Amino acid sequence: MGAGTGAGTGGIDELLRDRLLIMVNDRSANGVLPHVPARTGGLVVTGADAPVRCRAIRNAYPETVVVMDHESHTRRTATADAPFWLKTAYGWRDLDLAGLDEVLDGQRDNKASCAVTPTCFIPADEAGGAPVLGAVIGQANRLHREDTVVLLPCSWRWLRRSSLPLLADRIRACRHPVALIMQAKDDPSRRGRRPAAQRLRTVRAARGVGRDTGR
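Since this is a predicted model, take the numbers as computed values, not measurements.

Caption draft 1: Representation of the pairing of strand E5 (residues 91-94) within the structure. Pairing geometry for strand E4 (residues 85-88) and E5, over four bridges, is antiparallel. In the strand pairing of E5, Thr88 is matched with Gly91. With antiparallel pairing between neighbouring strands as the criterion, E4 and E5 make up a hairpin whose turn holds two residues.

This is how it looks when you write it as structure tokens:
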């Protein structure tokens, strides 16, 4: 990847360890950038111009960690047959393994510090989400790369006692670091009797989980 901070073979865990990444729209990235500590922070850039913004930031500040989120999870629901999609100028594109590799290469070509899978929303276990979650992990494990974070944008219901063991088991099975998003209409930390922080610690213990913020 050249000079600067980027994930190479075996380096992604070290790149992300103890680092807090701030999610920001491409239009706001430049305003947030001065407040991001280079050694302990970074940006997750969203929006249509995320690739351009990522490249510009990394050219100007090569030591700053910047990754992209295509936000497929905010617009489409994953299925077991098609867990990864990308919005393009020509419409939605269902990504097979080769297409997924191409998208991840595109992120790195635009100087993203590491690649992030464009995973669609994973519904709750009781809503048929178990085979979908398995498909996400299974397809990601077929990627022959060491620079990739697998995004798991899950329903908050995966934190329920009946579903949490399966989620933790699937995360253990993933050969890549995982970024976990718990999606809910309101604050997922207020749901259920057991505090969400405790449930998330159970998931975090499963493996390297890079992001556990609610959306």
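Caption draft 2: Main features of helix H4 (residues 97-109). Taking 1.5 Å of rise per residue, 13 residues should cover 18 Å, and H4 covers 18 Å from first to last C-alpha, within 8% of that figure. Every buried residue of H4 is listed here: Gly99, Leu100, Val103, Leu104, Gln107 and Arg108. The inward-facing, buried residues of H4 contact strand E3 (65-68), E4, E5, strand E6 (115-116), helix H5 (129-141) and strand E7 (148-155). At the N-terminal end of H4, a side-chain oxygen is found 3.3 Å from the backbone nitrogen of Ala98, two or three residues along, and the residue is Asp96. The positive-phi residue at the C-terminal boundary of H4 is Lys111, with phi of around 70°.

Caption draft 3: Local environment of the sheet that holds strand E2 (residues 41-46). Spatial ordering of the open sheet is given by E1-E2-E3, a layout of three strands whose pairing is parallel. Of all strands in the sheet, those bounded by a partner on one side alone are strand E1 (20-25) and E3. Taken over all neighbouring pairs, the strand axes of this sheet differ in orientation by 25° on average, direction set aside. Sheet topology places E1 next to E2; six bridges connect them, and they run parallel. Paired with Leu21 across the bridge in E2 is Gly42. Packed onto the sheet, helix H3 (residues 50-60) meets E2 and E3 and runs at close to 170° relative to E3.

Caption draft 4: Broad picture of the nonpolar core. Residues Ile122, Leu152, Cys154, Trp158 and Leu167 are the most contacted members of the largest nonpolar core, which totals 30 residues. Going through the elements one at a time, E4, H4, H5, E7, helix H6 (164-173) and strand E8 (178-183) are the ones with two or more residues in this core. Sorting elements by how many residues they give to this core places H5 first, with five residues. Once residues within four sequence positions are removed from consideration, Trp158 is found in contact with Ile122, Pro123, Ala124, Asp125, Gly129, Ala130, Leu133, Ser163, Leu164, Leu166, Leu167 and Met182. Among the nonpolar cores identified, the runner-up in size contains twelve residues, and Leu33, Val36, Ile57 and Ala112 belong to it.

Caption draft 5: Spatial organisation of the environment of Arg157. Mapped onto the elements of the fold, Arg157 is located in the loop between E7 and H6. With 27 residues separating them along the chain, Arg157 and Ala184 place their C-alpha atoms 8.7 Å apart. In contact with Arg157, other than residues within four places in its own chain, are Ala124, Glu126 and Ser163.

Caption draft 6: Summary view of the confidence of the model for the chain. Looking at the chain, pLDDT values average 87 and 81% of them are 70 or higher. Here residues 211-215 scores under 50 on pLDDT; set against residues more than four positions off or in separate chains, the count is 25 contacts.

Caption draft 7: Region of interest: the side chain of Gln183. If you trace the backbone, Gln183 turns up in strand E8. Look at Gln183 and you get buried, because its relative accessible area is 15%. Within the structure, the side chain of Gln183 is placed 2.8 Å from the side chain of His73, a separation counted as a polar contact.

Caption draft 8: The packing of aromatic side chains, seen in detail. Per the counting criterion, the structure on display carries zero aromatic pairs. A cation over an aromatic ring shows up here: Arg76 above the ring of Trp85, its NZ or CZ 3.8 Å from the ring centre.

Caption draft 9: Just the environment of Leu86, in detail. Tracing the backbone shows Leu86 in strand E4. Spatially, the C-alpha atom of Leu86 lies 6.5 Å from that of Pro118, the residues being 32 residues apart in sequence. In this structure Leu86 touches His70, Ser72, Gly91, Trp92, Arg93, Leu95 and Val103, once residues within four positions along its chain are discounted.

Caption draft 10: The pattern of salt bridges, seen in detail. Under the counting rule described, the total for this entry stands at ten salt bridges. We note a salt bridge from Arg170 to Asp169, for which the minimum N-O separation is 2.9 Å. Through salt bridges that share partners, Asp101, Asp105, Arg108, Arg145 and Asp147 make up one connected network.

Definitions and limits used
Sequence positions are assigned chain by chain, starting from 1 and proceeding in written order. For a predicted model such as this one, the threshold for reporting local features is a pLDDT of at least 70, and the threshold for listing and counting side-chain atom pairs is 80 or more; totals across whole chains, interfaces and linings nevertheless cover every residue. Hydrogens and waters are ignored; side-chain quantities use all the structure's heavy atoms. Whether two strands pair comes down to DSSP finding at least two bridges between them. The secondary structure listing takes helices from DSSP runs of H or I that are at least 4 residues long and strands from runs of E that are at least 2 residues long, numbered from the N terminus. Each residue after the first adds 1.5 Å to the expected span of a helix. Summary of the burial criterion: residues with accessible area below 20% of their type's maximum are buried, those above 50% are exposed, and those between are partly exposed, where the area comes from a 1.4 Å probe applied to protein chains only. Any pair of residues with heavy atoms lying within 4.5 Å of one another is described as a contacting pair. Residues adjacent in sequence count toward polar contacts only when both atoms are side-chain atoms; beyond that, a polar contact is any pair of N or O atoms within 3.5 Å, and within protein one must be able to donate a hydrogen and the other to accept it. Fitting a line to C-alpha atoms yields each axis, with helices limited to the stretch in contact; the angle taken between N-to-C directions then spans 0 to 180 degrees. We define the nonpolar core as a collection of buried residues of types Ala, Val, Leu, Ile, Met, Phe, Trp, Tyr and Cys that are connected through side-chain atoms lying within 4.5 Å of one another. For every residue, the predictor reports its confidence as pLDDT, a number between 0 and 100. Ring pairs shown here join Phe, Tyr and Trp side chains whose ring centres sit within 6.5 Å, with only the six-membered ring taken for Trp; geometry is labelled stacked below 30 degrees between planes, edge-to-face above 60, and tilted in between. Any Lys NZ or Arg CZ that is within 6 Å of a ring centre and within 35 degrees of that ring's normal is treated as a charge sitting over the ring. The salt bridge criterion pairs a side-chain nitrogen of Lys or Arg with a carboxyl oxygen of Asp or Glu, the two atoms within 4 Å.

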